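Chain by chain, the residues run as shown.
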Amino acid sequence: MTTSDDRTVAELIRAAFPDLTRAERQLADAILEDYPISGLGSITALSESSGVSTPTVLRMARKLGFDGFTHFQASLRGELKMMISDPVARREHWTDELPHAHILNRFAEAVSDNLRKTLQRMDVETFDAATALLADPARAVFVVGGRVTRSLADYFFSLLQVIRDGAHLLPPNANIWPHSVLGMKEGDVLLIFDIRRYERELLSLARMARARGVTIVLMTDQWGSPITTQAAHAFHARIEVPSAWDSTVVLTYMVEALLAGIQALHWDTARRRMNELEGLLDETAMFKKFT
C-alpha cells in the first residue's frame, strides 16, 4: 500500500527531503537507514531511536501525505510484504485484477509505466555523477549482480571493457568475492545490481568494499536494497509487471544509458578501442562479412 501517487514511502521521503526541518531530516535518515523495518515499531520507539519528538514523527508523516502515523505504517507494511514476496505471490497479486487485455498489451503497458515512473523520479545530477565516476580512467570499476541481475552485470561489463581499461566482472561464486576485494583500492568504483529478494552476500560485499574506500553505485528497485545505505549513488527502477518474475527492462535501459554517457565522456578513447577490437574480431573471423 502506497499513497495515491504510487510512490513508496522512501521515494516520498527523498522527494520531500529539501523541505524538511532539521529534526525531520534526522528522522528521515533514521527511517532510511534500516528501511522499512525502522518505521514499523511504535511511534515512541521510532521517536526515541531517531532522537526526535513524537510530534515530529506525526508532522513528517502528514508532510509526506499520510493521514497520520497509522496510515504511514500501513504503507510500510504493504511495501514490506511486496519486498519479500515470492514469485507465486507476485503472480497472484496481478491476477486479482482479472484483466481482459492480451498479455502482450498488459505487459507492454506495465513496462511503459515502469519506465515513465522511473524517469519521473530520476535525479539527473545523480546520473551525471555516477557516469563520471564510472568513466574516470583513474578508477578501476568492479561490477557484480545477484541471482537474477547477474546477466545485467555481465552485459554492462562486456560493453564497458570495450570503452575503457580497468573494468572487472566479479565471479558468480560469492565465496570468491573477498579475493576480488583484495584488488580494490580507495577511489575505485563498485557497481552492484540488487533487486528484491535482496541478497545478503551482496550487502556484505558492499560493506567490505566501502570499508576500503571504494565508492558504491547501486542499481535497485523502487523499494531499495539495503545496500542503499552503503551507496554514494543509487538508482531506483520500477520492476513490477504481470508476471511471477520481476522485469529488468528499465534496469537494462539504465545500463545502456550509463554506457552511452560513459562513451560520450571519452569518445576518442572509446573509438580507438572499438577500432582495435574490430581488427581483432576480423582476425578471428567471428562474424559473417557480407562482401
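Model, not experiment: these values are computed from the prediction.

## Comments concerning the overall build of the chain
Next up, step 1: Check the secondary structure of the chain and you find 13 helices and 5 strands.
Next up, step 2: Computed over C-alpha atoms, the radius of gyration of the chain comes to 21 Å, within 12% of the 19 Å expected from 2.2 N^0.38 for 291 residues, which places it in the range of a compact globule.
Next up, step 3: Across its three principal directions, the C-alpha atoms of the chain cover 70 × 50 × 35 Å.
Next up, step 4: Burial statistics for the chain: of 291 residues in total, 44% are counted as buried.
Next up, step 5: Partitioning the contacts of the chain with sequence separation of at least 6, the portion at a separation of at least 24 is 71%.
Next up, step 6: On the chain, roughly 15200 Å² of surface is accessible, and the fraction owed to carbon and sulfur atoms is 55%.

## Comments concerning the nonpolar core
Next up, step 1: Core analysis: the largest hydrophobic core is formed by 35 residues, its most contacted members being Phe 156, Phe 193 and Met 219.
Next up, step 2: Here this core gets 7 residues from one element, more than from any other, and that element is helix H12 (residues 249–265).
Next up, step 3: Contact partners of Met 219, with chain neighbours within four places excluded, come to Leu 191, Ile 192, Phe 193, Asp 194, Phe 235, Leu 251, Met 254 and Leu 258.
Next up, step 4: Counting residues in hydrophobic clusters, the runner-up holds 20 residues, among them Ala 16, Leu 20, Leu 64 and Phe 66.

## A look at the sheet that holds strand S5 (residues 233–237)
Next up, step 1: If you trace the 5 strands from one edge of the open sheet to the other, you get S2-S1-S3-S4-S5, paired in parallel fashion. The open sheet is flanked by strand S2 (167–169) and S5, the only strands paired with a single partner. Each adjacent strand pair in this sheet contributes to an overall mean axis angle of 15°, direction not counted.
Next up, step 2: As paired strands, strand S1 (residues 141–144) and strand S3 (residues 189–193) are joined by 4 bridges and run parallel to one another. The partner of Val 141 across the bridge, within S3, is Val 189.

## Comments concerning the side chain of Arg 196
Next up, step 1: On the secondary structure map, Arg 196 appears in the loop between S3 and helix H11 (200–211).
Next up, step 2: At 2.7 Å, the side chain of Arg 196 and the backbone oxygen of Met 82 are in polar contact.

## Details of the packing of helix H2 (residues 22–33) against helix H4 (residues 54–63)
Next up, step 1: With their axes 10 Å apart at the nearest point, H2 and H4 run at an angle of 80° to one another. Classified by the interaxial angle, the pair formed by H2 and H4 is roughly perpendicular. Where H2 approaches H4, its residues Ala 23, Glu 24, Leu 27, Ala 28 and Ile 31 are matched on the opposing element by Thr 56, Val 57, Arg 59, Met 60 and Lys 63.
Next up, step 2: Split by residue class, the contact of H2 with H4 holds 6 nonpolar, 1 polar and 3 charged.

## Thoughts on unusual backbone geometry
Next up, step 1: The omega torsion of the bond from Tyr 35 to Pro 36 falls at -5°, within 30 degrees of zero and hence cis.
Next up, step 2: In this structure, Arg 197 follows Arg 196 across a cis peptide bond, with omega equal to -20°.
Next up, step 3: Residue position: Arg 197 is located in the loop between S3 and H11.

## Re the pattern of salt bridges
Next up, step 1: Going through the model one piece at a time under the given rule, you end up with 14 salt bridges.
Next up, step 2: A salt bridge links Arg 139 to Asp 136; the nearest nitrogen and oxygen atoms lie 3.1 Å apart.
Next up, step 3: Overall, the relative accessible area of 23% leaves Arg 139 in the partly exposed class.
Next up, step 4: A cluster of three or more residues bridged by salt bridges with shared partners is formed by Asp 6, Glu 11, Asp 113, Arg 116, Lys 117, Arg 121 and Arg 238.

## Brief notes about the environment of Ala 16
Next up, step 1: Along the polypeptide, Ala 16 turns up in helix H1 (residues 9–16).
Next up, step 2: Accessibility expressed as a relative area gives 18% for Ala 16, which makes it buried.
Next up, step 3: Along the chain, Ala 16 and Ser 47 lie 31 residues apart, while their C-alpha atoms are 19 Å from each other.

## Let's talk about the packing of aromatic side chains
Next up, step 1: Summed over all chains, the structure comprises 3 aromatic pairs.
Next up, step 2: Summarising the aromatic geometry, the rings of Phe 127 and Phe 235 are spaced 6.3 Å apart at their centres and angled 80° between planes, so their arrangement reads as edge-to-face. With Phe 127 in helix H8 (residues 124–135) and Phe 235 in strand S5, this pair connects stretches of sequence that are 108 residues apart.
Next up, step 3: Grouping aromatic residues by their ring pairs yields a cluster made of Phe 66, Phe 69 and Phe 72.

The rules we used
- Residues numbered from 1 in each chain as written.
- Predicted model: local features only at pLDDT ≥ 70, side-chain atom pairs only at ≥ 80, totals over all residues.
- Heavy atoms only, no water.
- Helix = DSSP H or I, 4+ residues; strand = E, 2+ residues; numbered from the N terminus.
- Rg over C-alpha atoms; globule rule 2.2 N^0.38 Å.
- Buried < 20%, exposed > 50% of the residue type's maximum accessible area, 1.4 Å probe, protein only.
- Contact = heavy atoms within 4.5 Å.
- Areas by Shrake-Rupley, 256 points an atom, 1.4 Å probe, with all protein chains shown as cover.
- Core = buried A, V, L, I, M, F, W, Y, C linked by side-chain atoms within 4.5 Å.
- Pairing = 2+ DSSP bridges.
- Axes fitted to C-alpha atoms, helices over the stretch in contact; angles between N-to-C directions.
- Polar contact = N/O pair within 3.5 Å; in protein donor to acceptor, adjacent residues only side chain to side chain.
- Parallel < 35°, antiparallel > 145°, perpendicular 65-115°, else oblique.
- Nonpolar A, V, L, I, M, F, W, Y, C, P; charged D, E, K, R; others polar.
- Salt bridge = Lys/Arg side-chain N within 4 Å of Asp/Glu carboxyl O.
- Phe/Tyr/Trp six-rings, centres within 6.5 Å; stacked < 30°, edge-to-face > 60°.

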